[in-house]
Amino acid sequence: MKLRQMAVAFLFNDQQEVLFLQKKSNSPFLPGRMVPIGGHIEAGEINTPYHACIREIKEETGLTEKQLNNLRLRYVVHRMRNNSEIRIQYVYFGSVSVHSNLLESDEGELSWVNAQDIVHQAVTATTKEMMKHYMEIGKSTNKVYVGTMKSLNGEPDIAWGVLEDWEK
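These remarks concern the structure in this document. Just so it is clear, the structure is predicted and the values come from calculations on it, not from any experiment.

**Description of the pattern of salt bridges**
Enumeration over the complete set of coordinates arrives at nine salt bridges. For the salt bridge of Arg87 with Glu85, the shortest nitrogen-to-oxygen distance reads 2.5 Å. Take Arg87 and Glu85: they sit in the same class, and that class is buried. With a closest N to O distance of 3.2 Å, Asp157 and Lys150 form a salt bridge. Of the residues examined, Lys150 reaches a relative accessible area of 35% and is grouped as partly exposed. Several salt bridges share partner residues, and in doing so they unite Glu42, Glu45, Arg55, Glu56 and Glu59 into one network.

Written out as structure tokens, the structure reads:
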């Protein structure tokens, strides 16, 4: 069984829009889908997903760490892919000015999407479930949540728990 780790960011602006990357239709990974900014964690970043997230943000948008506000780990999501790969996604939330200069990447087109509309876009089930949780619960707390993707009555769902240090 392989492990694949990823770091992504949901970057909000002042109008409660989130920056997304629309993948090219010929992309080998999620063609045509809208994805949060981010990607795979490199071998040298395995213990620092925050740095991987910053690197991916810079590569995909041109934004630097100094242009980001309150970028914090909010979710760790686990899911199985093809019964052969466990995917672990470190998910950061932060903000950026809507007036920031964005650079287009060769991976797709950047666009701002109203946070309430994300669940109606061409996004993955993981993104839909995470945004649903964030809008209903996550944005009103500073807790970090751990989620496991599963099926509920044949539909995608995430079982959520709070990540806590209980050994004090």
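The structure having been displayed, the exposition proceeds.
**Observations concerning unusual backbone geometry**
Excluding glycine, most residues fall at negative phi; most peptide bonds, likewise, are trans. Even without a glycine there, the phi angle at Asn82 is positive, about 55°. Relative to the assigned elements, Asn82 resides in the loop between strand E4 (69–81) and strand E5 (85–95). Even without a glycine there, the phi angle at Asn83 is positive, about 55°. By secondary structure assignment, the location of Asn83 is in the loop between E4 and E5.

**A word on the environment of Arg79**
When you line up the elements, Arg79 lands in strand E4. Along the primary structure Arg79 and Ala43 are separated by 36 residues, whereas in three dimensions their C-alpha atoms are 20 Å apart. Leave out the neighbours within four places in its chain, and Arg79 touches Glu85, Ile86, Arg87, Thr126 and Met149.

**Focus on the pairing of E5**
For E5, a buried count of nine out of eleven residues is recorded, marking the element as mostly surrounded by other parts of the structure. Pairing of strand E1 (residues 2–12) with E5 involves eleven bridges; the strand directions are parallel. Note on E5: the bridge partner recorded for Arg4 is Arg87. Looking at chain direction, E4 and E5 are connected through ten bridges and run antiparallel. In the strand pairing of E5, Leu73 is matched with Tyr92.

**Observations concerning helix H1 (residues 49–61)**
The end-to-end C-alpha distance of H1, which contains 13 residues, comes to 18 Å, matching closely the 18 Å that a straight helix rising 1.5 Å per residue would cover. Looking at H1, one finds that the buried residues are Pro49, Ala52, Cys53, Ile54, Arg55, Glu56, Ile57, Glu60 and Thr61. Residues of H1 that are buried make contact with E1, strand E2 (17–23), strand E3 (34–40), E4, E5 and strand E6 (108–114). Following H1 by one or two positions, Gly62 has its phi on the positive side, about 85°.

**Here we look at the environment of Glu109**
Secondary-structure assignment places Glu109 in strand E6. Given a relative accessible area of 55%, Glu109 falls into the exposed group. When the C-alpha atoms of Glu109 and Phe20 are compared, they prove to be 8.2 Å apart, with 89 residues separating the residues in sequence.

Cut-offs applied
Throughout, a residue's number is its position along its own chain's written sequence, starting from 1. In keeping with the predicted nature of the model, local features appear solely for residues at pLDDT of at least 70, side-chain atom pairs appear and are counted solely at 80 or more, and the whole-chain, interface and lining totals rest on all residues. Side-chain descriptors were evaluated using all non-hydrogen atoms of the structure, hydrogens and water having been removed beforehand. Should a side-chain nitrogen of Lys or Arg be within 4 Å of a carboxyl oxygen of Asp or Glu, the pair is scored as a salt bridge. Relative accessibility decides the category of a residue: with a 1.4 Å probe and only protein chains considered, values under 20% of the type maximum give buried, values over 50% give exposed, and everything between is partly exposed. Counting from the N terminus, the helices are DSSP H or I runs at least four residues long and the strands are E runs at least two residues long. By definition, residues are in contact when any of their heavy atoms lie within 4.5 Å. At least two DSSP bridges between two strands are needed for those strands to be called paired. Multiplying 1.5 Å by the helix residue count minus one yields the expected span of that helix.

These figures capture arrangement, not role.
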